[in-house]
Amino acid sequence: MIYFLFFLYYTYYGDDMNDSDSELVLVVDDKTDFNTISDDVKYIKFNIDVINKEIIKYFINNGKDYYYSDGYVYVSYDTFVLGNEKIKKILEGIDNNFNELEIVRYLYIRIGKLINYDINNDFYKNDKFSFNKMTTANNIWGCISSGSASNYGVAHLFRYLCLLCNINCEVITVDDKGTLANKLNIIINNKNKCLLVNLMKDIHLIQANFKTKYFGAFNNDIQLDTKVGYIVDNYNDDKIRYVIEDSPEYDILSVLNKIKSSIDMIGIGQVELGSICSNILNSCNFFDVTVNNLYMIDIYNGQREHFVMFTHCGKHYSLSYSKGRFVELTNDDIRSSIDKMRIGIYLNEEIPGI
């Protein structure tokens, strides 16, 4: 509880609690700050607005004794290095012929492919949770290295990569709940344009190679998405719709397995899988489908392995990775597994019939 209160305090007061007067913290604005590192310094905080690859390289080579922050929370040196290695690989994939819109779209897609929402970091879904994992998701290097997403981490990671590509990008708040998105000023058709995007809301669509919904006016641009390597010829949601429409009759289990056969499920997070399947099921007029979050318990490390279950008309369905298809689960199967502590249910879940 102490750690959670600390997290809440830092969320609201941020930089005021750990900077200026502390001898433990060095705020790095440029290369001249290298000469001010004293033996007392343990924490390096970067000014993301002016950071460059030379500064990052210096601390990768000389900074194994420090913790690193982009302005919010700190991560270890190893996490900092791993995060920068993944960022370097992303940037290496940018074609020299890409214009600004193509660079931004490429970054948007690549980040969306690498990051999932981790329900185990959700305070409202867990009676136990890891403070370290939760805070790591709120650091740009922790977010990309762990593949664990938070709204804060994703918005600031996207901004950081845009800045490294010399593209103007801001993090903005878009509603009274504090939801973060990004505002960019880029050249489109030889004119300076404002582009509003929300990567966090598009991650599940990106992982399935569907049309996005929160990338301004360019969510359904086949030419753009083909050039940046997102699709080959068309989006998967259109392909799945054509497959389903060609079937004379279908039930929910057959639709789920048509989705499975049309999409590479490897690497797709469970929250994202639930959203992907819900979208398709709704388009097939299965409107009263309930999606629930459950977990299996790893017998070796005690970690929770998240999985989603779909309920429709009193019947339950889930993806069996061992069988390679969606299967039906009976009420007795679910209750027995819960009683034997093979599976559990996350907080604030109501499963119809259970």
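Everything numeric in this text was worked out from a predicted model, so none of it was measured.

Tracing the backbone through its elements, the reader meets Asn219 in the loop between helix H8 (199-207) and helix H9 (222-227). Within the local environment of Asn219, its side chain forms a polar contact with the side chain of Thr212, the two groups lying 2.6 Å apart. Polar side-chain contacts of Asn219 include one of 3.0 Å to the backbone oxygen of Gly216. Ignoring any residue separated from it by four or fewer positions in sequence, one finds Asn219 in contact with Arg105, Asp202, Lys211, Thr212, Lys213, Tyr214, Asp225 and Tyr235.

Bringing helix H3 (residues 77-92) into the picture now. With 16 residues, H3 extends 22 Å between its outermost C-alpha atoms, agreeing within 8% with the 22 Å of an ideal straight helix rising 1.5 Å per residue. Taken residue by residue, H3 has Tyr77, Phe80, Val81, Gly83, Asn84, Ile87, Ile90 and Leu91 as its buried positions.

This paragraph deals with the sheet that holds strand S3 (residues 67-69). Overall, mixed pairing links the four strands, which are arranged S1-S2-S3-S4 in an open sheet. With partners counted over all chains shown, the strands left at the sheet margins are strand S1 (25-28) and strand S4 (74-75), one partner each. By the bridge criterion, three bridges tie strand S2 (residues 43-46) to S3 in an arrangement that is parallel. Paired with Tyr43 across the two strands is Tyr67, which belongs to S3. The strands that helix H2 (residues 53-62) touches are S1, S2 and S3; relative to S2, the one it contacts most, it runs at about 170 degrees.

Let's shift gears to the sheet that holds strand S9 (residues 191-197). Strand order in the open sheet formed by three strands is S7-S8-S9, with antiparallel pairing between adjacent strands. Edge positions in the sheet fall to strand S7 (168-173) and S9, since each of these pairs with one other strand and no more. Taking each pair of neighbouring strands and ignoring which way they run, the sheet shows an average axis angle of 25 degrees. As paired strands, strand S8 (residues 180-188) and S9 are joined by seven bridges and run antiparallel to one another. Pairing of Ile188 across the sheet is with Lys191, part of S9.

Counting 61 residues, the largest nonpolar core has Phe46, Phe59, Leu107, Trp141, Phe158, Tyr160 and Leu184 as the members making the most contacts within it. A per-element tally of this core places helix H4 (residues 100-114) first, with eight residues. Not counting residues up to four positions away in its chain, the partners in contact with Leu107 are Ile90, Leu91, Ile94, Phe158, Leu161, Cys162 and Cys165. Grouped together as the second largest cluster of nonpolar side chains are 25 residues, Ile240, Leu273, Ile276 and Phe326 included.

Looking at the protein, the pLDDT average stands at 89 and 92% of residues meet or exceed 70. With pLDDT under 50 throughout, residues 1-17 is counted as low confidence; its partners more than four residues away or in other chains account for 22 contacts.

Before going further, it helps to spend a moment on the packing of H4 against helix H7 (residues 151-164). At their nearest, the axes of H4 and H7 sit 10 Å apart, and the two run at 140 degrees to each other. In terms of orientation, H4 and H7 fall into the oblique class. Note on packing geometry: the crossing formed by H4 with H7 is right-handed. Contacts from Val104, Leu107, Tyr108 and Ile111 in H4 reach Leu157, Phe158, Leu161 and Cys162 in H7.

Among the structural elements, Ser322 can be located in the loop between strand S12 (315-320) and strand S13 (325-329). In the structure, Ser322 is positioned 88 residues away from Asn234 in sequence and 30 Å away in space, judged by C-alpha atoms. For Ser322, the side chain forms a polar contact with the side chain of Ser320, separated by 3.2 Å.

Parameters and conventions
- Every chain is numbered on its own, with residues counted from 1 as its sequence reads.
- Confidence filtering applies because this is a predicted model: local features only for residues at pLDDT of at least 70, side-chain atom pairs given and counted only at 80 or more, and all residues used for totals across whole chains, interfaces and linings.
- Neither water nor hydrogens contribute to the side-chain values; these are computed over all heavy atoms in the structure.
- Segments assigned H or I by DSSP are reported as helices when at least four residues long, segments assigned E as strands when at least two residues long, and all are numbered from the N terminus.
- Two N or O atoms form a polar contact when they lie within 3.5 Å of each other; inside protein one atom must be a possible hydrogen donor and the other a possible acceptor, and for residues adjacent in sequence the pair counts only when both atoms belong to side chains.
- Contacts are assigned to residue pairs that have any heavy atoms within 4.5 Å of one another.
- A helix is expected to reach a length of 1.5 Å times the quantity of its residues less one.
- Relative accessibility under 20% of the residue-type maximum defines a buried residue, over 50% an exposed one, and the middle range a partly exposed one, all with a 1.4 Å probe and only protein chains included.
- In short, DSSP must find at least two bridges between two strands for them to pair.
- Lines fitted to C-alpha atoms define the axes here, with helix axes fitted over just the stretch in contact, and angles between the N-to-C directions of these axes take values from 0 to 180 degrees.
- Take the buried residues of types Ala, Val, Leu, Ile, Met, Phe, Trp, Tyr and Cys, join any two whose side-chain atoms come within 4.5 Å, and each joined set is a nonpolar core.
- The predictor attaches a confidence to each residue, called pLDDT, with possible values from 0 through 100.
- By the definition adopted for this analysis, an angle is roughly parallel if under 35 degrees, roughly antiparallel if over 145, roughly perpendicular if from 65 to 115, and oblique otherwise.
- By the definition used in this description, the sense in which the near helix is turned from the far one sets the handedness, with an anticlockwise turn below a right angle giving left-handed and a clockwise turn giving right-handed.

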